[in-house]
Amino acid sequence: MIGDIRETKECPLKDPMDLFHSGQVVKICAPMVRYSKLAFRTLVRKYSCDLCYTPMIVAADFVRSAKARDSEFTTNKGDHPLIVQFAAKEAQVLCDAARIICPFADGIDLNCGCPQRWAISEGYGACLINKPELVKDMVRHVRRQIDNPKFSVSIKIRIHEDLKRTVDLCQKAEAAGVSWITVHGRSVEERHQPVHYDAIKIIKQSMSIPVVANGDIKTLKDAENVHHLTEADGIMVARGLLANPAMFAGYEETPFQCIQDWVDIALEHGTPFTCFHHHLMYMMERITSKQEKKVFNVLSSTSAVLDYLNEHYGV
């Protein structure tokens, strides 16, 4: 990581807000546990992704431990604009994390949407949507303590059953200086229920800052439809990009060139085998038969995967 960080220092950081002022819908790769790491971000950037997030990092661990910083965060000079997402529940801890990351990233995002039990029980993630004053305080602290005016501070939320509470939260965050808000259009309890795009539209109409729509977007056509339904300024995608990293470039399914690019990038970055293999399993889900999946999914080494891809697909 240290070598990567030195490299980043030589490259000018970008202002993510320029994307929202471009007049185009901003295409965003979501923060995904284990998956939205440097190698995958490098891949989706080749296929029309405008803005990438890191996986969620617990701010307190990041501040306390150099080991956590090395394992959780890696970047390079092509990895921009980049948003680092933190889980935090104390303003000063979030500020300290933001100060450490500021020279190497273009902004931070406060996770106010993770519905996992461990996060909520620790006071992180989705429980923050019920603490609007704390969210406001955290945003305001970072705004005051980071000198760079181009450094963005955003939040990612889920919605309340009573949407008035969500609008109130968003307006408080806006008053505190938040750059944009990403809305996953489900409540904390909802998992696979339909996304409430109408709620995202109401939030968008209540704000004067950019709003990003998130939830169940699997194709470029979905992204266009959700933009029309919500009037959102950006579209954030998670699983859709795992299944097809070339989605934003308009491909209906993962092209073989994208698989080849992933192999090249993953090997160059020294991606651990499990992560390398899992990404390929996602990418090839729609283009392999049941029988092929049975064989491919149990391969247990990089060389076995490379041999299989070469033999069956000429990759």
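Everything numeric here is computed off the predicted structure, so don't read it as measured data.

This paragraph deals with the overall build of the protein. Helices and strands together make up the secondary structure of the protein, namely 16 helices and 9 strands. For the C-alpha atoms alone, the extent of the protein along its principal axes is close to 60 × 40 × 40 Å. Considering the protein as a whole, with its 315 residues, one finds that 54% of them fall into the buried category. Surface accessibility of the protein: about 14100 Å² in total, with carbon and sulfur atoms responsible for 50%. Distance between charge centroids for the protein: 4 Å, based on 38 positive and 39 negative side chains.

A separate point is the packing of helix α13 (residues 256-269) against helix α16 (residues 302-313). It is the contact of α13 with α16, at a shortest axis distance of 13 Å, that shows an interaxial angle of 155 degrees. By the angle class used here, α13 and α16 are roughly antiparallel. Between α13 and α16 the crossing geometry is left-handed. For the pair α13 and α16, contact is made by F256, I259, V263 and L267 and by T302, L306, L309 and Y313, respectively. For the contact of α13 with α16, the class distribution of residues is 7 nonpolar, 1 polar and no charged.

A few words on the UniProt feature "binding site: FMN" (unreviewed entry) in the protein. If you check UniProt for "binding site: FMN" (unreviewed entry), the listed places come out as P31, M32, V33, Q85, H184, A238 and R239 in our numbering. Those annotated residues that line the largest pocket are P31, M32, V33, Q85, H184, A238 and R239. The residues contacting M32, other than those within four sequence positions of it, are F40, P55, A238, R239 and L242. Among the secondary structure elements, R239 is positioned in helix α12 (residues 239-243). Residue R239 is classed as exposed on the basis of its relative accessible area of 63%.

Our focus in this paragraph is the layout of surface pockets. Volume-wise, the largest pocket comes out at about 970 Å³. Taken together, 31 residues make up the lining of the largest pocket; nearest its centre are P31, R158, H184, A238 and R239. Counting residues per element, the ones that place at least two in the lining of the largest pocket are β6 (152-158), β9 (234-237) and α12. Take the lining of the largest pocket: its biggest share by element is 3 residues, from α12. A per-class count over the lining of the largest pocket returns 14 nonpolar, 9 polar and 8 charged. Reported here for the second largest pocket is a volume of approximately 440 Å³. As for the second largest pocket, its lining consists of 22 residues, of which K37, L38, T271, P272 and C275 are closest to the centre.

Going through the model one piece at a time under the given rule, you end up with 12 salt bridges. R99 serves as the salt-bridge partner of D96, at 2.9 Å between the closest nitrogen and oxygen. Here the residue D96 and the residue R99 both occupy positions in helix α6 (residues 91-101), the gap between them amounting to 3 residues, near one helical turn. When the shortest N-O distance is used, the salt bridge between K218 and D216 registers 4.0 Å. The exposure class assigned to K218 is partly exposed, which follows from its relative accessible area of 40%. Residue classification places D216 among the partly exposed positions, given a relative accessible area of 36%. Among the ionic contacts, a cluster of salt bridges with common partners joins E133, K136, D168 and K172.

This next bit is on empty space enclosed by the protein. Under the defined criterion, the tally for this structure stands at 1 cavity of 30 Å³ or more. Estimates place the volume of the largest cavity at around 40 Å³. Lining the largest cavity are M281, M284, E285, T288, K293, F296 and N297. Residues belonging to the lining of the largest cavity are distributed by class as follows: 3 nonpolar, 2 polar and 2 charged.

This part is about the nonpolar core. Counting 91 residues, the largest nonpolar core has F86, I155, I181, L280 and L309 as its most contacted members. Looking at this core, the element that brings in the most residues is α6, giving 7 residues. Residues lining this core come from more than one domain, with at least three contributed by each of domain 1 (16-249) and domain 2 (256-313). Formed by 11 residues, the second largest nonpolar core is a distinct cluster that contains V26, I28, L51 and I83.

Analysis parameters
- Residues numbered from 1 in each chain as written.
- Predicted model: local features only at pLDDT ≥ 70, side-chain atom pairs only at ≥ 80, totals over all residues.
- Heavy atoms only, no water.
- Helix = DSSP H or I, 4+ residues; strand = E, 2+ residues; numbered from the N terminus.
- Buried < 20%, exposed > 50% of the residue type's maximum accessible area, 1.4 Å probe, protein only.
- Areas by Shrake-Rupley, 256 points an atom, 1.4 Å probe, with all protein chains shown as cover.
- Lys, Arg positive; Asp, Glu negative; His and termini not counted.
- Charge placed at Lys NZ, Arg CZ, Asp CG, Glu CD.
- Axes fitted to C-alpha atoms, helices over the stretch in contact; angles between N-to-C directions.
- Parallel < 35°, antiparallel > 145°, perpendicular 65-115°, else oblique.
- Left-handed = near helix turned anticlockwise from the far one by under 90°.
- Contact = heavy atoms within 4.5 Å.
- Nonpolar A, V, L, I, M, F, W, Y, C, P; charged D, E, K, R; others polar.
- UniProt positions renumbered as here; feature names shortened; annotations may be inferred.
- 1 Å grid on protein atoms, 1.4 Å probe; cavity = no way out; pocket = protein on both sides within 12 Å on 5 of 7 lines; lining within 4 Å.
- Points joined across faces, edges and corners; volume = space filled by probe spheres on them.
- Salt bridge = Lys/Arg side-chain N within 4 Å of Asp/Glu carboxyl O.
- Core = buried A, V, L, I, M, F, W, Y, C linked by side-chain atoms within 4.5 Å.
- Domains from an automatic or database assignment.

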